[in-house]
Amino acid sequence: MQDIAKADAEDPEAGWRVASDYSPKSSLQDSWREFAEDVLQPLFDFLSERVGAESSILHTLERYRTRIEWFDREELYTRFEADRANGEEVYNLDLQRFLFLEGDHITHAKPRSASGEADLIGDLDGRDPLVCDGKIFDGKSRGKSYLAKGMHQVVKYAHDYGQHTAYLVIYNISDKLLELPTDGTPGAWPPYLELSGVRVYFIHVRVLPPTIPASKAGKATRVTLTRDDLTNPDAS
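Residues numbered from 1 in each chain as written. Predicted model: local features only at pLDDT ≥ 70, side-chain atom pairs only at ≥ 80, totals over all residues. Heavy atoms only, no water.

### Concerning the overall build of the protein chain
Check the secondary structure of the protein chain and you find six helices and ten strands. Counting only residues that meet the buried cut, the protein chain has 40% of its 236 residues in that class. For the protein chain, the exposed surface amounts to about 14,000 Å²; the carbon and sulfur share of it is 52%. (Helix = DSSP H or I, 4+ residues; strand = E, 2+ residues; numbered from the N terminus. Buried < 20%, exposed > 50% of the residue type's maximum accessible area, 1.4 Å probe, protein only. Areas by Shrake-Rupley, 256 points an atom, 1.4 Å probe, with all protein chains shown as cover.)

The structure is reproduced here in structure tokens:
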């Protein structure tokens, strides 16, 4: 301001020129630059890393589903039939092996946490553990309520490990097709529901070997699960 007064005394028009040059724009630009560097960029990096990790896991799980349905249904189902009491473990151990070989996820079967023992927890030594649980669906004793139980289990495990994403693999050993609810875009794969701050992705795998060709099988029976079926165990 002294510069402006001095300039005005010597040359009235010079004062206006000095005043017009004085602007807080540079300080605002500096503040915005610091905000972008200190706040926005780390946030973008975190979100990019998070989305990238989810996409990688989903890609691996999609490949797992395809491998089972196209190539290994008969072999795994034979092993399942030979040990029905531990049949779920047959599939979960196979999934554990696949996650390591194809996705480089080192998982631990049934690690203990505050909520119990999850079927599979991966990358415990990293900052983003993989929370994954596998449940059989047979349309009978292991039906909708059993999947609802699995849904709530993975949500609790996610809370135990400070995660906002979990994966529920559904081994469908029935001859029925499952229609799963989603909080995402209808028809997009995979469907997911968000519960208590956790997004749970559903990976539906048809593990029952076909007994007749699809062209002669007729119309498939569908089982439709609603959001309430999976989020409210008492509703099933």
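Following the structure, the description resumes.
### Examining the packing of aromatic side chains
Tallied over the full model, the rule gives seven aromatic pairs. The residue whose ring lies beneath R199 is Y192, and the NZ or CZ to ring-centre distance is 4.0 Å. (Phe/Tyr/Trp six-rings, centres within 6.5 Å; stacked < 30°, edge-to-face > 60°. Lys NZ or Arg CZ within 6 Å of the ring centre and 35° of its normal.)

### Description of helix α5 (residues 144-160)
Under the 1.5 Å per step criterion, the end-to-end length of α5 is 25 Å for 17 residues, consistent within 8% with the ideal 24 Å. Among the residues making up α5, those that are buried are Y146, L147, A148, G150, M151, Q153, V154, V155, Y157 and A158. One or two residues past the end of α5 sits G162, with phi positive at roughly 65°. (Expected span 1.5 Å × (residues − 1).)

### A word on the pairing of strand β9 (residues 198-206)
Regular strands show a simple pattern: their side chains alternate between the two faces of the sheet. With seven of nine residues buried, β9 is to be regarded as a mostly interior element. Judged from the eight bridges that link them, strand β6 (residues 165-172) and β9 form a sheet pairing that is parallel. Among the inter-strand pairings, L168 is bridged to a residue of β9, identified as F202. Bridge count between strand β8 (residues 192-195) and β9: four bridges; the pairing is antiparallel. In the strand pairing of β9, Y192 is matched with Y201. From the end of β8 to the start of β9, which pair antiparallel, there are two residues, and S196 there has a positive phi angle of about 55°. (Pairing = 2+ DSSP bridges.)

### A short note on unusual backbone geometry
Residue P190 follows W189 across a cis peptide bond; omega there is -10°. Its place among the elements puts P190 in the loop between β7 (177-179) and β8. Here S196, not a glycine, exhibits a phi torsion of approximately 55°, which is positive. Take S196: its relative accessible area is 53%, and that puts it in the exposed class.

### Details of the pattern of salt bridges
Any two side chains of opposite charge can pair if their charged atoms end up close together. In the structure shown here, the tally under the stated rule is twelve salt bridges. One salt bridge connects E69 with R206, and the closest N-O pair in it is separated by 3.1 Å. Separated by 137 residues along the polypeptide, E69 in helix α3 (residues 25-82) and R206 in strand β9 bring together distant segments of the chain. Among the residues examined, R206 registers a relative accessible area of 36% and is labelled partly exposed. A salt bridge links K176 to D175, with the nearest nitrogen and oxygen atoms 3.7 Å apart. Residue classification places K176 among the partly exposed residues on the basis of a relative accessible area of 27%. (Salt bridge = Lys/Arg side-chain N within 4 Å of Asp/Glu carboxyl O.)

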